Amino acid sequence: MEFIILLHNELYNKKNKQDLKKKVKQEGFERITCSFYKYMPLQNIEDLRDQLYISWNNLDILGRIYISNEGINAQISIPEHNIETFKNNLYLNESFKDIHIKPAIKDGTSFYKLTIKVKKEIVAYKVAPNEYDMNKVGTHLNYKEFNKAIDDGAIVIDVRNYYEGEIGKFENAIIPDVDTSIELLPEIKKLLRTKEKEKILMYCTGGIRCEKASSYLLHNGFKDVNQLRGGIVQYANDIKKYNEKSKFIGKNFVFDHRLGERITDDIISKCHQCTLETDTHTNCANQACHILFIQCYKCSKKYLRCCSQECSDFIKKPKDEQQQIFREGKIQFTAQKSMSIKPKLKNIKNN
């Protein structure tokens, strides 16, 4: 039985990570990773959150779901034998009845627990409400229309963070040099300055980030804004289904334990430590740092899956010594991103 508690009217799974991993490994069934989203007004979201948690936990669903007054954004792992039950359950809610569920390109262990959080936004852009109108979004293009528009010379913009586009992107796409969603929309507007009358193509992982981003551009004077329907996930499924050549090259970054789905065999990125061609993201094994970076197999062995020699040396110390170092404030790992990894990224991009 799952150890679920009710705390401040919210349900949580309180098992530790190792127990959760062990449980998933021992499951005697296959799972399917999929995603869905919808912008629409939702009421009583605290109650809705708990209803969804109880219902989906009973179906052994794992994943990460955000709900807010503006809609839902979900990435989940469903037992194969519970797929139809889940869909029927989801569509019983009038607000969710026309949601399109997109399967992952390749399965694997994506999640270890179920997390459903109430948020102010389902994508944390933090732009003012008067900067967009969700009733006016970009034109949705299918894979064939998107490919044709690329061939016809449209401007392609990646509506994701830099580290996502680093390992996979559409041909000739503009990749904004940002690390967070909050920075993204102003940066895109800046990059597209003077292009207000040209045809703009936007894409992201599953389509959700393009919804508000396209509305934002339309509000800011752009005339011909288009977005890839269903994002890279749907595009990759369609390309495979219809045996078409992919204009997306490399891997699609995903925000779960897989960290990426391979779309084509192209490797377009390099190890952040030795510049060997590779596109494997990892989190620094030093939990006090935990920066996300790209690392090849050789450097993984050399640095013990850490981003730097400093982190590698630190995790070799006994736990009590690590704690003592922190208590005395002798070392700070929060600077790793700006002082260690980012300069390497800049150098790699310029080579």
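Novice: How should I be thinking about the sheet that holds strand E9 (residues 155–158) in this particular structure?
Specialist: Two modes of strand pairing occur in sheets, parallel and antiparallel, and in both the strands are linked by backbone hydrogen bonds. One open sheet holds the 4 strands; their spatial order is E8-E12-E11-E9, and the pairing between them is parallel. A strand with exactly one partner marks an edge of an open sheet, and here the two such strands are strand E8 (139–141) and E9. Within the sheet, the average angular offset between the axes of one strand and its neighbour, ignoring direction, is 30°. Two elements, E8 and strand E12 (residues 224–228), share 3 bridges in a ladder whose sense is parallel.

Novice: Hey, could you run me through helix H7 (residues 208–219) in this one?
Specialist: Across its 12 residues, H7 extends 18 Å between first and last C-alpha, which sits within 8% of the 16 Å expected from 1.5 Å per residue. Most of H7 sits inside the fold, with 10 of its 12 residues counted as buried. Positive phi appears at Gly 221, one or two residues downstream of H7, with a value of about 95°.

Novice: I tried to follow the environment of Ser 35 on my own but got confused; where do I start?
Specialist: Relative to the assigned elements, Ser 35 resides in strand E3 (residues 31–39). Distance from Ser 35 to Ser 77, taken between C-alpha atoms, is 8.7 Å for residues 42 residues apart in sequence. Once you skip the residues sitting within four places of it in the chain, Ser 35 turns out to touch Ala 74, Gln 75, His 100, Ile 101 and Lys 102.

Novice: Honestly, the confidence of the model for the protein in this entry has me stumped. Any pointers?
Specialist: The predicted model of the protein averages 89 in pLDDT, with 90% of residues at 70 or higher. Of the regions scoring below 50 in pLDDT, residues 1–10 engages in 24 contacts with residues more than four places distant in sequence or in other chains.

Novice: Mind showing me how you'd approach the pattern of salt bridges here?
Specialist: Once their charged atoms are close, side chains differing in charge can pair, the charge on each being opposite to the other. Taken as a whole, this structure holds 18 salt bridges when the rule is applied. Between Asp 152 and Lys 148 there is a salt bridge; the shortest N-O distance is 2.8 Å. The burial state of Asp 152 is the same as that of Lys 148; both residues are exposed. Across the pair Glu 321 and Lys 317 runs a salt bridge whose closest N-O atoms are separated by 3.8 Å. Under the relative-accessibility criterion, Lys 317 is labelled partly exposed at 30%. Several salt bridges share partner residues, and in doing so they unite Glu 70, Glu 121 and Lys 212 into one network.

Novice: Explanation requested: the sheet that holds strand E10 (residues 168–170) in the structure shown.
Specialist: Ordered in space as E10-E13-E14, the 3 strands form an open sheet in which the pairing is antiparallel. Each having just a single partner strand, E10 and strand E14 (261–262) make up the two edges of the open sheet. Where E10 lies against strand E13 (residues 248–252), 3 bridges are found, and the strand directions are antiparallel. For Gly 168, the partnering residue across the bridge sits in E13 and is Gly 250.

Analysis parameters
Residues numbered from 1 in each chain as written. Predicted model: local features only at pLDDT ≥ 70, side-chain atom pairs only at ≥ 80, totals over all residues. Heavy atoms only, no water. Pairing = 2+ DSSP bridges. Helix = DSSP H or I, 4+ residues; strand = E, 2+ residues; numbered from the N terminus. Axes fitted to C-alpha atoms, helices over the stretch in contact; angles between N-to-C directions. Expected span 1.5 Å × (residues − 1). Buried < 20%, exposed > 50% of the residue type's maximum accessible area, 1.4 Å probe, protein only. Contact = heavy atoms within 4.5 Å. pLDDT = per-residue confidence, 0-100. Salt bridge = Lys/Arg side-chain N within 4 Å of Asp/Glu carboxyl O.

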